[in-house]
Amino acid sequence: MVYKFECSKTGMDCSFTAEAPSKEELMGKIAAHAKEAHQLETLPPEMMEKVNGAITEVQEEAQPSAAPENGSGDQS
Ligand SMILES: [Zn+2]
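The structure presented is a predicted model; accordingly, all values stated were derived computationally and were not measured.

Cut-off values and rules
- Residues numbered from 1 in each chain as written.
- Predicted model: local features only at pLDDT ≥ 70, side-chain atom pairs only at ≥ 80, totals over all residues.
- Helix = DSSP H or I, 4+ residues; strand = E, 2+ residues; numbered from the N terminus.
- Rg over C-alpha atoms; globule rule 2.2 N^0.38 Å.
- Buried ≥ 20, exposed ≤ 12 C-beta atoms within 10 Å, placed from the backbone.
- Core = buried A, V, L, I, M, F, W, Y, C linked by C-beta atoms within 7 Å.
- Contact = placed C-beta atoms within 7 Å.

**Q** Describe the overall build of the protein chain, and please don't skip the residues or the numbers.
**A** When you go through the protein chain residue by residue, the secondary structure sums to two helices and three strands. The order of helices and strands in the protein chain, counted from the N terminus, is β-β-α-α-β. For 76 residues, the compact-globule formula gives about 11 Å, and the C-alpha radius of gyration of the protein chain, at 19 Å, lies well above that figure. Each principal axis of the C-alpha atoms in the protein chain carries an extent, and together these give about 65 × 25 × 20 Å. Per-residue burial over the protein chain gives 8% buried out of 76 residues.

Below, the structure is given as structure tokens:
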């Protein structure tokens with residue numbers, strides 16, 4: 001499981017994204033980003049709510065690489 005965060009989903013005009021294997025780790029990255037990019041020393045409760053809403057859990061699965069098969073219709 002991977003946790004992904006998209007800053008734009010909090011309503012910010014910001015393209016920052018982060019991901020981490022745990023929510024705790026992700027929150028750390030978000031907090032650091034909020035501080036550096038948005039001058040938020042701490043995340044107020046209403047912001048925390050938005051942040052939680054902007055976090056998505058992504059299942060990590062071994063995805064079969066879809067190799068495009070070329071048709072052998074090579075005609076001249
Ligand atoms: Zn941001």
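There's plenty left to go through after this.
**Q** Tell me about the nonpolar core, and please be specific about residues and values.
**A** Generally speaking, soluble globular proteins have nonpolar side chains that are buried together. Counting residues in hydrophobic clusters, the biggest one holds five residues: Tyr3, Phe5, Cys7, Ile30 and Ala34. Listed by contribution, the elements that provide at least two residues to this core are strand 1 (2-6) and helix 1 (23-38). Residues in contact with Tyr3, not counting those within four places in the same chain, are Glu19, Ala20, Ser22, Lys23, Leu26, Ile55 and Glu57.

**Q** Outline the environment of Val58, supporting the account with residue identities and numerical values.
**A** In this structure, Val58 sits in strand 3 (residues 55-58). Put simply, Val58 and Pro21 are 37 residues apart on the chain and 9.7 Å apart in space, counted from C-alpha to C-alpha. When residues no more than four places from it in sequence are discounted, the contact partners of Val58 are Val2 and Lys4.

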